[in-house]
Amino acid sequence: MQIYLAPMEGITGYIVRNAFFHHFGQIDKYFTPFIPAAKRFSRKILRDLDPANNAGIRLVPQLISNRSEEVLIMIGKLKDLGFGEINLNLGCPSGTVISKSRGSGLLRDPQALDRFLYGIYEKADVPVSVKTRIGFDSLEEWPEILEIFLKYPISELIIHPRLRREMYTGYPHLEAYQLAYDRCNTVAEPSAVSRNQNSGSDQKTPGISPASLVYNGDLWDSACCRTLLKRFPETGTVMIGRGLLARPDLACTIKQIPVEDLRGKLRRFHDEIYDGYLETFTGDKDVFMHMKEIWANLGKSFHGSDRLLKKLMKSQSASEYRIFVDQIFETLELSER
Ligand SMILES: Cc1cc2nc3c(=O)[nH]c(=O)nc-3n(C[C@H](O)[C@H](O)[C@H](O)COP(=O)(O)O)c2cc1C
């Protein structure tokens, strides 16, 4: 089983990725939070992509756009920076993104989606994967969207089986993932564009193989993963976001790699992120804001953390913050794995 860390804007930048890599590992691929396809990269994005800041990490840049020409230009620039694989974001539900018909906003218009993908896969000379939701408003949209995906040599199709309107509420629709799983097992038509650029072969090949489907959504522990694999035995890869932030050792647990001194590792994981944020952000306010996002998930690693977390979330100074962090690490039981 391969495990990918989900891209999370504002959270899984290089500081957090390095903390995972240094203290827990077992993550097979990391994805950058979405990068808007624009004329040039901002300093922040260049820092996030810098190989020196990602040593040893298999990193895939994620682009968000609705214009294939723009994506192709960005792919060229990313290749110049040494990247050999790109991911497209077709899932972001945020209002500002969908209002520009990007992210999950593009799923509202299947014809535009088809044109967008055609323009990219016709010319892209590196593997391009897609991360998607299953529709915008209604589950009925998924079969048509899926058929469009199946026309292209998508290197990996990462499915978060929720609609845009659901954001992160309710449960993932496993029946929608099932449809993709079944279709990938039966699809035999040639893809709309050949996979030649990606594989070095001129042969027309079927769109997506079952092994290239990646499941994403609400995997909180290894039991969730086992249940998923029982139902979808050919799914060899899962992408995990909040579950890994809540239990940074989750990839080890899933792969049955014992973790010694878990409490110490969690502490060093936290400290690496905190120190990294202190170096990166100018004011304490920014540091706390980002650390609170970390704790909103990491708090689940401890039993009965609510009271201390509440206090930590209100802390106004570095010394106050450290007192609550010490109390959490020194007094609370770890939650079961
Ligand atoms: C705060 C936040 C930021 C996110 N940013 C991105 C992003 O930049 N790109 C993306 O494809 N998905 C993004 N996502 C979605 C996650 O990658 C993932 O699909 C989602 O959290 C569901 O997976 P999980 O249940 O394992 O967390 C974000 C989610 C959250 C909660």
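Up top is the structure these notes are about.
The structure presented is a predicted model; accordingly, all values stated were derived computationally and were not measured. Here the residue index of a chain counts from 1 through its sequence in written order. Reporting in this predicted model follows two pLDDT cut-offs: at least 70 for local features of residues, and 80 or more for side-chain atom pairs to be given and counted; totals over whole chains, interfaces and linings ignore these cut-offs and use all residues.

Caption draft 1: Spatial organisation of the overall build of the protein chain. Here a strand is any run of E in DSSP of at least two residues, a helix any run of H or I of at least four, and the numbering for each starts at the N terminus. The number of helices and strands found in the protein chain is 15 helices and 10 strands. For the radius of gyration, the atom set is restricted to C-alpha positions; the globular benchmark scales as 2.2 Å times the number of residues to the power 0.38. The C-alpha atoms of the protein chain give a radius of gyration of 20 Å, which matches the 20 Å a tight globule of 337 residues would have. For the protein chain, the spread of C-alpha atoms along the principal axes amounts to about 60 × 45 × 35 Å. Burial is judged by counting the other C-beta atoms within 10 Å of a residue's own C-beta: 20 or more makes it buried, 12 or fewer makes it exposed, and any count in between marks it as partly exposed, with every C-beta position built from the backbone. Across the 337 residues that make up the protein chain, the buried fraction comes to 38%. Note on contacts: each residue gets a C-beta atom placed from the backbone, and two residues are in contact if those atoms are within 7 Å. Here the analysis covers contacts within the protein chain between residues at least 6 apart in sequence; of these, 72% occur between residues at least 24 apart.

Caption draft 2: Examining helix α7 (residues 174-186) more closely. In a helix, the anticipated span is given by 1.5 Å times the number of residues less one. The terminal C-alpha atoms of α7 lie 18 Å apart, and with 13 residues this matches the ideal 18 Å at 1.5 Å per residue to within 8%. Within α7 the residues assigned to the buried category are A176, Y177, A180 and C184. Looking straight down α7, one finds that the buried residues subtend no more than 100° of arc, so they occupy a single side. Across α7 from its buried face, at more than 90 degrees, point the exposed residues E175, D182, N185 and T186. Throughout, the arc means the angular range of directions from the helix axis out to the C-beta atoms.

Caption draft 3: Seen up close, the packing of helix α12 (residues 262-280) against helix α13 (residues 284-298). Throughout, an axis means a line fitted to C-alpha atoms (over the contacting stretch in the case of helices), and angles, computed between N-to-C directions, take values from 0 to 180 degrees. Two elements in contact, α12 and α13, have axes separated by 9 Å at closest approach and are oriented at 160°. The angle between the axes of α12 and α13 places the two elements in the roughly antiparallel class. Classified by chirality, the crossing of α13 by α12 is right-handed. Touching H270, I273, Y274, Y277 and L278 of α12 are V287, H290, M291, I294 and L298, all from α13. In this count, Pro and Cys sit with the nonpolar residues alongside Ala, Val, Leu, Ile, Met, Phe, Trp and Tyr, while Asp, Glu, Lys and Arg are called charged and the others, Gly among them, polar. Of the residues that constitute the contact of α12 with α13, the class distribution is eight nonpolar, two polar and no charged. Note that the term roughly parallel is reserved for angles under 35 degrees, roughly antiparallel for angles over 145, roughly perpendicular for angles of 65 to 115, and oblique for everything else. Should the near helix be turned anticlockwise from the far one by less than a right angle, the crossing is termed left-handed; should it be turned clockwise, right-handed.

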